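Understanding the architecture of this molecule
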Amino acid sequence: MAYTGSMEYQVPTVSVDEYRETGFTILPSVIDTGTLEMLREESAYFVGYTDAVMDAKGIEVMGITHRGKRYFISNRYRSSTRISSFLFGPLMAEITTSFLGDTVYLFNEQWVVKGADQGMKFAWHQDSGYVKAFDPATTHPPYLTCWCALDDMTEANGTISVLPHDVLGTRDRILDHRREEETNDLVGYRGNESGELVTMSAGSVAVFSSTTMHRSGPNTTDGQRRVYLAQYSASPLTSSNGELWSQAVPFVKQGELVYSKKDDLDELTVSPRIRQSMPAELIKSD
Ligand SMILES: O=C(O)CCC(=O)C(=O)O
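Treat the numbers as computed from the prediction; the structure is a model and nothing was measured.

Reading the values: the criteria
- Numbers given for residues are sequential positions, taken from 1 along each chain in its written order.
- Local features in this predicted model are restricted to residues of pLDDT 70 or higher, and side-chain atom pairs are both shown and tallied only at a pLDDT of 80 or more, whereas totals for entire chains, interfaces and linings draw on every residue.
- Counting from the N terminus, the helices are DSSP H or I runs at least four residues long and the strands are E runs at least two residues long.
- Residue burial is a threshold on neighbouring C-beta atoms within 10 Å of the residue's own C-beta, all placed from the backbone, with 20 or more meaning buried, 12 or fewer meaning exposed, and counts in between meaning partly exposed.
- Residues are defined as contacting one another if the C-beta atoms placed from their backbone atoms lie within 7 Å.
- In this scheme, strands are said to pair when DSSP sees at least two bridges between them.

The next thing to look at is the overall build of the protein. A count of helical and extended segments in the protein gives 8 helices and 16 strands. The C-alpha extent of the protein, read off along each of the three principal axes, is 45 × 45 × 45 Å. Burial status across the protein gives 42% buried among its 286 residues. When contacts within the protein are restricted to residue pairs at least 6 apart in sequence, those whose partners lie at least 24 apart make up 83%.

Below, the structure written as structure tokens:
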């Protein structure tokens, strides 16, 4: 059973089949223009916010974020009054339940923005490789990434490429990833495969598994390349010591929407590691 609420859009069965076989699929033009505009405005706010944080710290690089070139801004939706309507709304319920089944938790969400002209590439990796790098004994089941395009995605502006599971045998396997000195990227593949380039229009969603190997190219255009990336799991993902790894915010239970803003920040939904990285005003109101 998938999402039981009313939603005009339905994920085609062929897309689910393609995902199961290759590890990824594209859902073209599924985000409406009003939502797209809202996400673009929020993206601008969070990039500005991140620049201000870097200014205050006097730094140009923060983890895998490089000022002006590439931004990864995670776990900030609670600072916005608008983003939760998308993250926990009917469209994402329809998409996530189609791939994960009738119970879904939010695992992580982030902006991935590449700056105009100087947008940096991002190395081959599996999203699960970032979990394994910090928790080598991890045995988590693959989770789901919804890579939501806020701009048309082209080779020129640094879209992603993906490797179908069969190429490296990644369906149920997390490869070891090594950190690249100059970028801080974790690199999971250094071979010659170029994968499938994902070109799609703004408002489309590329759906892939956390074990799907993917990378993205540099942005050589004069506009930003903006993505909102939301990740969901079918059950709370715990690390090898049994603690919650990231977040497990209840979203859909037995096909019904159960997200509750009021209970969103309790200790069952957000791990101490993620809580620590949140702005103080959010934690205080807990
Ligand atoms: O949007 C991109 O350039 C790639 C993002 C990505 O691969 C990730 O965050 O895992």
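Before going further, it helps to examine the pairing of strand E12 (residues 205-209). For E12, a buried count of 5 out of 5 residues is recorded, marking the element as mostly surrounded by other parts of the structure. Pairing between strand E1 (residues 24-27) and E12: 4 bridges, direction antiparallel. Bridge pairing in E12 links Leu27 to Val205.

As a further point, take the sheet that holds strand E8 (residues 160-163). Taken in spatial order, the 4 strands make up an open sheet running E6-E13-E8-E11, and their pairing is antiparallel. In this open sheet, the two strands that pair with only one neighbour each are strand E6 (122-125) and strand E11 (196-197). In the sheet, E8 pairs with strand E13 (residues 213-216) via 4 bridges, with the strands oriented antiparallel. Bridge pairing links Leu163 to Met213 in E13.

What follows is about the environment of Ser271. Within the element layout of this structure, Ser271 appears in the loop between strand E16 (256-257) and helix H7 (272-276). Take Ser271: there are 19 C-beta atoms within 10 Å of it, and that puts it in the partly exposed class. Residue contacts for Ser271: discarding those within four places in its chain leaves Glu243, Leu244, Trp245, Ser246 and Gln247.

The element helix H4 (residues 90-100) is largely enclosed, with a buried count of 10 among its 11 residues. Listed as buried for H4 are Leu91, Met92, Ala93, Glu94, Ile95, Thr96, Thr97, Ser98, Phe99 and Leu100. Gly101 occupies a position one or two residues after H4 and carries a positive phi of about 100°.

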